[in-house]
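Below, each chain spelled out in residue letters.
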Amino acid sequence: MGKTYERIDARLRAFIEKQPVYFVGTAPLAADGFLNLSPKGRAGTLAVIDELTVAYLDFGGSHAETIAHLRENGRIILMWCAFEGPPTVLRVHGRGEPVFRDDPRFAGLLSRFDPAADGTALRAIVLVRAERVSDSCGFAVPFMDYKEDRTLLAEFFDRKGEDRFSEYCEGKENVAVSINGLPALPLPVPPRPSQPS
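This section reports on the structure supplied with the text. Predicted model, so just to flag it, every value in this text is computed and none were measured.

### Observations concerning the overall build of the chain
1) Next: Per the secondary structure count, the chain includes five helices and eight strands.
2) Next: Mapped from its N terminus to its C terminus, the chain presents α and β elements in the order β-α-β-β-β-β-α-β-β-α-β-α-α.
3) Next: Put simply, the chain has 197 residues, and 45% of those count as buried.
4) Next: Intrachain contacts of the chain at a sequence separation of at least 6 include 72% that bridge at least 24 residues.
5) Next: Distance between charge centroids for the chain: 2 Å, based on 24 positive and 27 negative side chains.

Right under this line is the structure:
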């Protein structure tokens, strides 16, 4: 049933781009450390950069576990499920890295995304280099209807404004340091770079 692929071809790319939600998993090296699994969505915040590279926009929140794990060891898995149509689960195992606002690559990477998806509280772009691409049956995944994106996160941070974003991050216990005690988001958050013309 399952198959392994050498790359993210046009068919797999179309499948990825069609899904309104996906999941990101990471783990620390410590055997007793807490693993992390995050649901992701929000239209336009994920981009297939090339046949072996995927990236997504990482917005502020109360934790930064994925960033901490990637800074420590780089291991990551992304998973998409078909909630309509043929039953499919697609996984991309790879090496990831957070590209922060002060990284020279940030502005160029950001230009690969839908400008409407950008917004206040963008703290990093997570860049994932695929090492294994595989699918499996989604026979046990239920059919579900997509209604719409939630707007709460964008509205919350838009009210705070870009000038108070770093202050927000500094006030959260597990943003600079993960629940496993690993370095996470470097603070203070640097200002946003100007977009290339």
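### Observations concerning the nonpolar core
1) Next: Counting 22 residues, the largest nonpolar core has Ile-8, Leu-46, Leu-78, Trp-80 and Val-133 as the members making the most contacts within it.
2) Next: Secondary structure elements with two or more residues in this core: α1 (10-18), β2 (22-26), β4 (46-50), β5 (53-59), β6 (75-81), β7 (88-100) and β8 (122-137).
3) Next: Top contributing element to this core by residue count: β8, with four residues.
4) Next: Filtering out sequence-adjacent residues up to four positions away, Ile-8 remains in contact with Arg-13, Ile-16, Val-48, Glu-51, Val-54, Val-92 and Val-133.
5) Next: Core analysis: the next-biggest nonpolar cluster, separate from the first, contains 15 residues, Ile-67, Ala-68, Ala-124 and Cys-169 among them.

### Concerning unusual backbone geometry
1) Next: Cis geometry is found at the peptide bond from Leu-187 to Pro-188, where omega equals 0 degrees.
2) Next: Mapped onto the secondary structure, Pro-188 falls in the segment after α5 (165-170).
3) Next: Positive phi values are uncommon outside glycine, yet Arg-42 reaches one of about 70 degrees.
4) Next: Looking at the element boundaries, Arg-42 is found in the loop between β3 (36-40) and β4.

### Remarks on empty space enclosed by the protein
1) Next: The tally for this structure, following the rule as stated, stands at one cavity of 30 Å³ or more.
2) Next: By volume, the largest cavity amounts to about 30 Å³.
3) Next: Lining the largest cavity are Phe-100, Arg-101, Arg-123, Leu-185, Pro-186, Val-189 and Pro-190.
4) Next: Residue composition of the lining of the largest cavity, by class: five nonpolar, no polar and two charged.

### With respect to the pattern of salt bridges
1) Next: Tallying each qualifying case throughout the model produces 10 salt bridges.
2) Next: Across the salt bridge formed by Glu-51 and Arg-7, the nearest N and O atoms sit 3.1 Å from each other. Here Glu-51, found in the loop between β4 and β5, pairs with Arg-7, found in the loop between β1 (3-5) and α1; they are 44 residues apart in sequence, far enough to count as distant.
3) Next: Exposure remark for Glu-51: the relative accessible area of 41% places this residue in the partly exposed category.

### Things to note about the state of the cysteines
1) Next: Counting across every chain of the model gives zero disulfides.
2) Next: For the unlinked cysteine Cys-81, the closest cysteine sulfur is that of Cys-137, found at 11 Å.

### Section: the side chain of Ser-178
1) Next: Positionally, Ser-178 belongs in the segment after α5.
2) Next: Engagement of the side chain of Ser-178 in a polar contact is seen with the backbone nitrogen of Asn-180, the distance being 3.1 Å.

### Details of the packing of aromatic side chains
1) Next: Across all of its chains, the model carries six aromatic pairs by this definition.
2) Next: Centre to centre, the rings of Phe-157 and Tyr-168 are 5.0 Å apart; their planes meet at 85 degrees, and the pair counts as edge-to-face. Linking Phe-157 in helix α4 (residues 152-160) with Tyr-168 in helix α5, this pair joins segments that are 11 residues apart in sequence. In this pair, the class of Phe-157 matches that of Tyr-168, namely buried.
3) Next: Against the face of Phe-59 rests Arg-42, its NZ or CZ located 4.1 Å from the ring centre.

Reading the values: the criteria
- Residues numbered from 1 in each chain as written.
- Predicted model: local features only at pLDDT ≥ 70, side-chain atom pairs only at ≥ 80, totals over all residues.
- Heavy atoms only, no water.
- Helix = DSSP H or I, 4+ residues; strand = E, 2+ residues; numbered from the N terminus.
- Buried < 20%, exposed > 50% of the residue type's maximum accessible area, 1.4 Å probe, protein only.
- Contact = heavy atoms within 4.5 Å.
- Lys, Arg positive; Asp, Glu negative; His and termini not counted.
- Charge placed at Lys NZ, Arg CZ, Asp CG, Glu CD.
- Core = buried A, V, L, I, M, F, W, Y, C linked by side-chain atoms within 4.5 Å.
- 1 Å grid on protein atoms, 1.4 Å probe; cavity = no way out; pocket = protein on both sides within 12 Å on 5 of 7 lines; lining within 4 Å.
- Points joined across faces, edges and corners; volume = space filled by probe spheres on them.
- Nonpolar A, V, L, I, M, F, W, Y, C, P; charged D, E, K, R; others polar.
- Salt bridge = Lys/Arg side-chain N within 4 Å of Asp/Glu carboxyl O.
- Disulfide = S-S within 2.5 Å.
- Polar contact = N/O pair within 3.5 Å; in protein donor to acceptor, adjacent residues only side chain to side chain.
- Phe/Tyr/Trp six-rings, centres within 6.5 Å; stacked < 30°, edge-to-face > 60°.
- Lys NZ or Arg CZ within 6 Å of the ring centre and 35° of its normal.

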